[in-house]
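Okay, here's what each chain looks like letter by letter:
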Amino acid sequence: MKEIVLKTEDLCVSYGQKKILKKINTLFEKNKITAIIGPSGCGKSTFLKSLNRTVEEYGGNMEGKIHLNNVNIMDMPLQNLRKSVGMVFQLPIVFPFSIYNNMIYAPKYFGEKKEKLNDIVIKNLKKTGLYDEVKDNLKMMATKLSGGQQQRLAIARCLTVNPEIILLDEPCSALDIKNTANIENMLLELKNEYTIIIVTHNLSQAKRIADNVIFMDEGQIIEEGNQNEMFDNPVNVRTKEYLMYMRN
Amino acid sequence: MKIKDIIFKSWIYISGIIVVVVTFGVFLYFLYKGIKVVTLEFILEAPGGMPLGTEGGVFPAIMGSLMSGLLSGLIGGLLGLCTSIYLVFYCNNKKNQKYMLHALQLLAGIPSVIIGLFGYTVLIVGLGLNKSLISVTLTLTVMIIPFIALRMKKALEETSKDQFICSLSLGIPKGYTIIHLVIPNALKYIMTSLGLGIVFAMGATAPIMFTGAVIIAGVPNKLTDPIMALPYHLYVLVNEGISIEMAYGTAFVLIVLVLLINLICHFIGNFEDV
Ligand SMILES: Nc1ncnc2c1ncn2[C@@H]1O[C@H](COP(=O)(O)OP(=O)(O)OP(=O)(O)O)[C@@H](O)[C@H]1O
Ligand SMILES: [Mg+2]
């Protein structure tokens, strides 16, 4: 029995007059990794950003419905939505504070007790495998970490508000093979606890980690389904062409 | 290819050298000329002698310049910061943003003498204020708002836009993000812009001539007192042929003051790194 956490109904997004997403209808399964693939400019990032309404911060306009556990996200307080649906960006974004202060930035705002902050920092750094690397340097400026470490810190920071879903927009595109493998393994661990939606340009990455795949083109979902079926037996011609093209 | 390279490189070096030499040249020249005049009395006494300014010092002018500069820096800095924050983080309507930006650029391009005339017309003639510290301050504020806002906007965009959205994506509201992330993050640039704004205000002569700077006045006690100001005092000393020596002294004091303010702003901006 599939458990659905997130469901979009006729989701449309536009920037001014420009329509970017045209009637997206799809489901996201709990504790699965869903990869979103598709050619550049097709609206993958826009789709991801609309799932926690950050797209509105970029001037985008959303129509249609998105249900998070059967509640329309438009009816939820924005703050609750964004706590439940966390986001990690393409280039690692760390705040110009120490590692420790990056980690407590959000919990502090949400009024976590002082005594609990330490635990939150340690627990979430451990989940991203960063703890052993930085445990003696928690007071170090986060900007001094390597790119891969910064990205893992960004993920750990996103976990500090106890999200249900984590959105990742090409999180490895600025990283080398070793760091990419690191993050992929971590995501495979994290999916036991969280639902993960990841945009990627890298088909082999989708193959390695995704359970489900969504193929988008020109603002629409062309094909979606189980990873194996999609990659081995795509139904749609456009999917076939894209997969062929990306493999060469 | 090679020749081009050499020409280009030497051109860069020569430009660099010119800038450094001119800067230090100007500074050293006034240091040399001014140091003979600038004594403790010069700094701490009011102008005296006949004609006025041939003896004594420039204390009221220092205070007038400092007060009007810092006050307009404070008001203009706050307004400029708010304007830039609005433009970068709150204004999602591209059209409005463009209009505001054009307005700021236009305002920044208006010659200062016209700003002075505007201040005179509105504050002195229109509102019936007398020539005073407050009129000077408000006029200077109008002059430096676009100057500060445009600089801060650039700094905020460069340092904080992505981090701002990242913070929002954690469920944290805009206001908290701006106070706890954006401003600390851009403090360095905010302080440098502010410093430049204050210095720009303190150096301006045209806008204050019409609105409140006078040939002789004490240190202002209240906002409605007229003031002396270093650039205007300098102008009078030279223009009326009163004393070129004293003019050098005044210039020297003004340069040092401006330098100090820049340094202080720089230090406040880099406070956390220390
Ligand atoms: N802030 C914005 N304002 C206006 N148009 C935008 C904005 N952001 C994105 N777009 C447009 O929306 C379309 C989809 O962009 P999006 O970033 O979602 O594509 P993408 O599939 O993520 O591409 P890529 O693989 O290159 O990241 C593009 O045509 C882009 O120009
Ligand atoms: Mg993208």
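Definitions and cut-offs
- Residues numbered from 1 in each chain as written.
- Chains lettered and ligands numbered in written order.
- Predicted model: local features only at pLDDT ≥ 70, side-chain atom pairs only at ≥ 80, totals over all residues.
- Heavy atoms only, no water.
- Pairing = 2+ DSSP bridges.
- Helix = DSSP H or I, 4+ residues; strand = E, 2+ residues; numbered from the N terminus.
- Contact = heavy atoms within 4.5 Å.
- Buried area = accessible area lost by both parts, 1.4 Å probe.
- Salt bridge = Lys/Arg side-chain N within 4 Å of Asp/Glu carboxyl O.
- Buried < 20%, exposed > 50% of the residue type's maximum accessible area, 1.4 Å probe, protein only.
- Near = heavy atom within 4 Å.
- Polar contact = N/O pair within 3.5 Å; in protein donor to acceptor, adjacent residues only side chain to side chain.
- Areas by Shrake-Rupley, 256 points an atom, 1.4 Å probe, with all protein chains shown as cover.
- Axes fitted to C-alpha atoms, helices over the stretch in contact; angles between N-to-C directions.
- 1 Å grid on protein atoms, 1.4 Å probe; cavity = no way out; pocket = protein on both sides within 12 Å on 5 of 7 lines; lining within 4 Å.
- Points joined across faces, edges and corners; volume = space filled by probe spheres on them.
- Nonpolar A, V, L, I, M, F, W, Y, C, P; charged D, E, K, R; others polar.
- Parallel < 35°, antiparallel > 145°, perpendicular 65-115°, else oblique.
- Left-handed = near helix turned anticlockwise from the far one by under 90°.
- Expected span 1.5 Å × (residues − 1).
- Patch = residues over 30% accessible without salt bridge, like charges linked within 9 Å, V, L, I, M, F, W, Y side chains within 5 Å.
- Phe/Tyr/Trp six-rings, centres within 6.5 Å; stacked < 30°, edge-to-face > 60°.
- Lys NZ or Arg CZ within 6 Å of the ring centre and 35° of its normal.
- Bend = angle between axes of the 7 residues up to and from the residue.

**Focus: the sheet that holds strand E4 (residues 60–68) of chain A**
Okay, so step 1: Ordered by their spatial adjacency, four strands build an open sheet running E2-E1-E4-E5 (chain A), and the pairing between neighbours is antiparallel. What marks the edges here is a single partner per strand, and that holds for strand E2 (18–29) and strand E5 (71–72) of chain A.

**A look at the interface of chain A and chain B**
Okay, so step 1: Chain A puts 25 residues into the contact, and the matching count from chain B is 18 residues.
Okay, so step 2: For the pair chain A and chain B, the two sides together bury roughly 1,800 Å², of which 68% comes from carbon and sulfur.
Okay, so step 3: Broken down residue by residue, the surface that chain A buries against chain B is led by Glu57, Tyr105 and Tyr109 of chain A, which jointly contribute 33%.
Okay, so step 4: There are one salt bridge connecting chain A and chain B.
Okay, so step 5: Its salt-bridge partner being Lys174 of chain B, residue Glu57 of chain A comes within 3.7 Å of it at the nearest N-O pair.

**Structural notes on the pattern of salt bridges**
Okay, so step 1: For the structure on display, the rule yields 17 salt bridges over all chains.
Okay, so step 2: Here Asp132 of chain A makes a salt bridge to Lys135 of chain A, at a shortest N to O gap of 3.7 Å.
Okay, so step 3: Residue classification places Asp132 of chain A among the exposed positions, given a relative accessible area of 60%.
Okay, so step 4: Given a relative accessible area of 40%, Lys135 of chain A falls into the partly exposed group.
Okay, so step 5: The salt bridge partner of Asp232 of chain A is Lys207 of chain A, with a shortest N-O separation of 4.0 Å. Residue Asp232 of chain A is located in helix H9 (residues 227–232), and its partner Lys207 of chain A is located in helix H8 (residues 203–209); the two are separated by 25 residues in the primary sequence.
Okay, so step 6: Relative accessible area serves as the criterion here: at 53%, Asp232 of chain A is assigned to the exposed category.
Okay, so step 7: Among the charged side chains, a salt-bridge network with shared partners connects Glu57 and Arg82 of chain A together with Lys174 of chain B.

**Let's talk about the site of ligand 1**
Residue and element names in this part refer to chain A.
Okay, so step 1: In the vicinity of ligand 1 lie 14 residues, with Ser40, Gly41, Lys44, Ser45 and Thr46 positioned nearest.
Okay, so step 2: At 2.7 Å, a side-chain N or O of Lys44 approaches an oxygen atom of ligand 1.
Okay, so step 3: Glu170 has a polar side-chain atom sitting 3.5 Å from an oxygen atom of ligand 1.
Okay, so step 4: Taking 640 Å² as the accessible area of ligand 1 by itself, protein coverage stands at 67%.
Okay, so step 5: Of all the secondary-structure elements, those providing two or more residues to the shell around ligand 1 are E2 and helix H1 (44–50).

**Remarks on the sheet that holds strand E10 (residues 220–226) of chain A**
Residues and elements named next belong to chain A.
Okay, so step 1: Read across the sheet, six strands follow the order E6-E7-E8-E3-E9-E10 without closing on themselves; strand pairing throughout is mixed. At either end of the open sheet lies a strand with only one pairing partner, and these are strand E6 (85–88) and E10. When strand polarity is set aside, the average angle formed by the axes of neighbouring strands in this sheet is 20°.
Okay, so step 2: As judged from the four bridges shared by E6 and strand E7 (residues 165–169), these two strands associate in the parallel manner. Paired with Val85 across the bridge in E7 is Ile165.

**Remarks on the layout of surface pockets**
Okay, so step 1: When its volume is computed, the second largest pocket comes out at roughly 260 Å³.
Okay, so step 2: Forming the walls of the second largest pocket are 13 residues, and the residues nearest its centre are Tyr58 of chain A together with Cys91, Asn92, Lys94 and Gln97 of chain B.

**What about empty space enclosed by the protein?**
Over the atoms, a rolled probe matching the size of one water molecule traces out where space is still vacant.
Residues and elements named next belong to chain B.
Okay, so step 1: Here the structure, examined in full by the defined rule, presents four cavities of 30 Å³ or more.
Okay, so step 2: Estimated volume of the largest cavity: approximately 60 Å³.
Okay, so step 3: In terms of residue count, helix H9 (residues 230–239) provides more of the lining of the largest cavity than any other element does, four residues in total.
Okay, so step 4: In terms of residue class, the lining of the largest cavity is built from eight nonpolar, two polar and no charged.

**Structural notes on the packing of helix H4 (residues 114–127) of chain A against helix H6 (residues 147–159) of chain A**
When two helices pack together, their arrangement is given by the angle between the helix axes and by the axis-to-axis distance.
All names here are of chain A.
Okay, so step 1: Between H4 and H6, whose axes approach to 9 Å, the crossing angle comes to 130°. As far as their axial angle goes, H6 and H4 are oblique. As for the relative orientation of H4 and H6, their crossing is right-handed in sense. Where H4 approaches H6, its residues Asn124, Leu125 and Lys127 are matched on the opposing element by Leu153, Ala156 and Leu159.
Okay, so step 2: Grouping the constituent residues of the contact of H4 with H6 by class yields four nonpolar, one polar and one charged.

**Observations concerning H6 of chain A**
Residue and element names in this part refer to chain A.
Okay, so step 1: In a regular helix each residue adds 1.5 Å, so 13 residues correspond to 18 Å; H6 covers 19 Å between its end C-alpha atoms and thus fits that length.
Okay, so step 2: The element H6 is extensively covered by neighbouring structure, given that 12 of its 13 residues are classed as buried.
Okay, so step 3: Along H6, the residues classified as buried are Gly148, Gln149, Gln150, Gln151, Arg152, Leu153, Ala154, Ile155, Ala156, Arg157, Cys158 and Leu159.

**Some thoughts on a nonpolar patch on the surface**
All names here are of chain B.
Okay, so step 1: A contiguous nonpolar patch, built from Leu260, Leu263, Ile264, Phe267 and Ile268 and spanning about 480 Å² of accessible area, is present on the exposed surface.
Okay, so step 2: Mapped onto the fold, Leu260 is located in helix H10 (residues 244–269).
Okay, so step 3: Here Leu260 falls in the partly exposed class, since its relative accessible area comes to 43%.

**A look at the side chain of Thr8 of chain A**
Residue and element names in this part refer to chain A.
Okay, so step 1: Inspection of the secondary structure puts Thr8 in strand E1 (residues 4–15).
Okay, so step 2: The buried category is assigned to Thr8, whose relative accessible area is 2%.
Okay, so step 3: Of the polar contacts made by the side chain of Thr8, one reaches the backbone oxygen of Ile24; its length is 3.0 Å.
Okay, so step 4: Those residues in contact with Thr8 that sit more than four places away from it in its chain are Ile24, Asn25, Thr26, Phe47, Leu51, Lys65 and Ile66.

**Let's talk about the packing of aromatic side chains**
A ring pair, where both rings are aromatic, is described by two values, the distance of the centres and the angle of the planes.
Okay, so step 1: Enumeration according to the criterion identifies 15 aromatic pairs over all chains in this entry.
Okay, so step 2: Of note, Lys49 of chain A hangs over the ring of Tyr58 of chain A, and the distance from its end group to the ring centre comes to 4.2 Å.

**Re the environment of Asn69 of chain A**
Residues and elements named next belong to chain A.
Okay, so step 1: Within the fold, Asn69 resides in the loop between E4 and E5.
Okay, so step 2: In this structure the C-alpha to C-alpha distance between Asn69 and Pro92, which are 23 residues apart in sequence, comes to 29 Å.
Okay, so step 3: With residues up to four places along the chain from it excluded, the contact list for Asn69 reads Ile4, Val5 and Glu164.
Okay, so step 4: Among the polar contacts listed, one links the side chain of Asn69 to the side chain of Glu164, at a separation of 3.0 Å.

**A short note on helix H7 (residues 174–203) of chain B**
Okay, so step 1: In this model H7 of chain B runs just 37 Å from its N-terminal to its C-terminal C-alpha over 30 residues, more than 12% under the 44 Å that 1.5 Å per residue would give.
Okay, so step 2: Its axis deflected by about 65° at Leu187 of chain B, H7 of chain B carries its strongest bend there.

**What about unusual backbone geometry?**
Residues and elements named next belong to chain A.
Okay, so step 1: In the Ramachandran plot, Asn69 falls in the positive-phi region, its phi being about 50° despite a non-glycine side chain.
Okay, so step 2: With a phi close to 55°, Asn162 is a non-glycine residue in the positive phi region.
Okay, so step 3: On the secondary structure map, Asn162 appears in the loop between H6 and E7.
Okay, so step 4: Residue classification places Asn162 among the exposed residues on the basis of a relative accessible area of 52%.

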